Amino acid sequence: MALQNMGSVSELTVGGVICTGTHGTGANYGIMATKVLEIDLITAAGEQVTCSHRENTDLFSAACCSLGALGVITAVTFQCVPAFKLHQRQWSCTLDEVLDNLDEHIASSEYFRFCWVPHTEAVVMYQVDRTTKPVQESSSWFWDYVVGHQCLQFAYWLSSFFPSMVGFINRTFFNLLCSKPKERINTSQKILNFDCLFQQYVTDWAIPREHTATVLTELRTWFQENPNEAAHSPVEVRFCKGDNIMISPAHGRDTCFINIIVYRPYGKLIPYAKYWTAYENIVKRVGGRPHWAKAHKETGKQLTEMYPEFDKFCEIRKKVDPQGMFLNKYLERILCMDNGAAGDAKVIH
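Residues numbered from 1 in each chain as written. Predicted model: local features only at pLDDT ≥ 70, side-chain atom pairs only at ≥ 80, totals over all residues. Heavy atoms only, no water.

1. A few points about the overall build of the protein chain
(1) Moving on: A tally of regular secondary structure across the protein chain gives 12 helices and 11 strands.
(2) Moving on: Since a compact globule built from 349 residues should have a radius of gyration of about 20 Å, the 21 Å found for the protein chain is in line with a globular shape.
(3) Moving on: For the protein chain, the proportion of its 349 residues judged to be buried stands at 53%.
(4) Moving on: Long-range pairs, those at least 24 residues apart, make up 73% of the contacts in the protein chain with a sequence separation of at least 6.
(5) Moving on: Total accessible area on the protein chain is roughly 15800 Å²; 55% of this is exposed by carbon and sulfur atoms.
(6) Moving on: Each charge class in the protein chain can be summarised by its mean position, and for the 33 positive and 36 negative side chains these summaries are 4 Å apart. (Helix = DSSP H or I, 4+ residues; strand = E, 2+ residues; numbered from the N terminus. Rg over C-alpha atoms; globule rule 2.2 N^0.38 Å. Buried < 20%, exposed > 50% of the residue type's maximum accessible area, 1.4 Å probe, protein only. Contact = heavy atoms within 4.5 Å. Areas by Shrake-Rupley, 256 points an atom, 1.4 Å probe, with all protein chains shown as cover. Lys, Arg positive; Asp, Glu negative; His and termini not counted. Charge placed at Lys NZ, Arg CZ, Asp CG, Glu CD.)

Set out below in structure tokens:
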């Protein structure tokens, strides 16, 4: 058996995947929680509650992306499919080429995504579709590990002393590793997952799909105005179908997720606040929503404006956990601020 879609990594708990709105890519697929059929929760009162599309439906809509604020998930039923293989075709183009024909590219394969190399015009596109062909891999220890991991990490570490090197590093490693067409065939999880390399800061925002070109064009302009900013590669762009989960980042609209990254080579802290702030300002102008598994600065008042059913989610949370047993400092900030529906729970620590 297999899941129809997956995120970038599989080293996650089932509860974490559901509670944070983890997503993959594919215009006909929602976030991973859209394939949940039933959830069992233990509430703050110690009661076990089952919810699904047919039973406790409002609780189910809240529990499918709950931030862990509703209770302890003890059982989940996922809609699975027979195990399958995927054929990934990878090739490069320019940012304008992919944006000018974006709808056609998205429709061209079951799982489409692309990665843009900051401070350049270079893009790597990935078309992924089901296949019955035999496994075909052509990995290289030298190029994938020595160059693509160790040399890249050293180069980004060196650029922490000379930030103007970042654009050159991004271009060089794109030319070495990603400029030529490649193909892979393997089981679904090995294609949908990928190596995230070394330690990193990441932020990921969800925007209405129709604003993808606007956001990336504005971000490109910002890079041109800030050539020494440590914008590491890549900017990853993925697509999801809209859903009706209360505080899903894809609630009510077909969605583009744009993920930006700053690595921590050998654990070194690289300044990223300026880049993050510029990016967040751009996505907020088109109705962006933060990915719940990534760091963000939003409060309950701001989130109420972003999510049409945020207040309803907060009301359900107050009902199942009136004393705030499952709240922590982060949840207090986003659920118990000065928006009335988020509540005034007495938090138990």
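2. Some points on the environment of Leu327
(1) Moving on: Along the chain, Leu327 falls in the loop between helix H11 (310-320) and helix H12 (329-335).
(2) Moving on: For the pair Leu327 and Leu67, spaced 260 residues apart in the sequence, the C-alpha separation amounts to 9.6 Å.

3. Concerning the nonpolar core
(1) Moving on: Among the nonpolar cores identified, the biggest contains 75 residues, and Phe114 and Tyr275 are the most heavily contacted of them.
(2) Moving on: Top element by residues in this core is helix H9 (residues 273-284). It accounts for six residues. (Core = buried A, V, L, I, M, F, W, Y, C linked by side-chain atoms within 4.5 Å.)

4. Notes on the sheet that holds strand S2 (residues 48-52)
(1) Moving on: Spatial strand order, S2-S1-S3: three strands in an open sheet with antiparallel pairing. Across the chains shown, the open sheet's two edge strands, defined by having one partner strand only, are S2 and strand S3 (72-78). Strand-to-strand twist in this sheet, taken as the mean axis angle between neighbours without regard to direction, amounts to 15°.
(2) Moving on: Here strand S1 (residues 36-42) runs beside S3; their pairing, made up of six bridges, is antiparallel. Of the residues in S3, the one forming a bridge with Val36 is Phe78. (Pairing = 2+ DSSP bridges. Axes fitted to C-alpha atoms, helices over the stretch in contact; angles between N-to-C directions.)

5. Structural notes on the pairing of strand S6 (residues 122-131)
(1) Moving on: For S6, the tally of buried residues reaches nine of 10 residues, placing the bulk of the element in the interior.
(2) Moving on: Both strand S5 (residues 111-116) and S6 contribute to a ladder of six bridges, which runs antiparallel. Opposite Cys115, over in S6, you have Val124 as the bridge partner.
(3) Moving on: Following S5, the chain reverses through five residues before pairing antiparallel with S6; His119 in that reversal takes a positive phi of roughly 65°.

6. Some remarks on the sheet that holds S5
(1) Moving on: The eight strands lie next to each other as S7-S4-S6-S5-S9-S10-S8-S11, forming an open sheet whose pairing is antiparallel. Edge positions in the open sheet fall to strand S7 (182-187) and strand S11 (289-290), since each of these has one partner strand only.
(2) Moving on: In this sheet, S7 lies alongside strand S4 (residues 85-94) in antiparallel orientation, the contact comprising six bridges. Paired with Lys85 across the bridge in S7 is Thr187.
(3) Moving on: Its contacts with the sheet place helix H6 (residues 165-177) against S4, S6 and S7, and it is angled at close to 35° to S6.
(4) Moving on: In the packing of H9 onto the sheet, contacts are made with strand S8 (200-208), strand S9 (235-240) and strand S10 (255-263), and the angle to S8 comes to roughly 10°.

7. Here's the deal with the environment of Gln88
(1) Moving on: Structurally, Gln88 can be placed in strand S4.
(2) Moving on: Spatially, the C-alpha atom of Gln88 lies 34 Å from that of Pro163, the residues being 75 residues apart in sequence.
(3) Moving on: Non-local contacts of Gln88, meaning those with residues more than four positions away in its chain, are made with Arg113, Tyr126, Gln127, Val128, Lys182, Glu183, Arg184 and Ile191.

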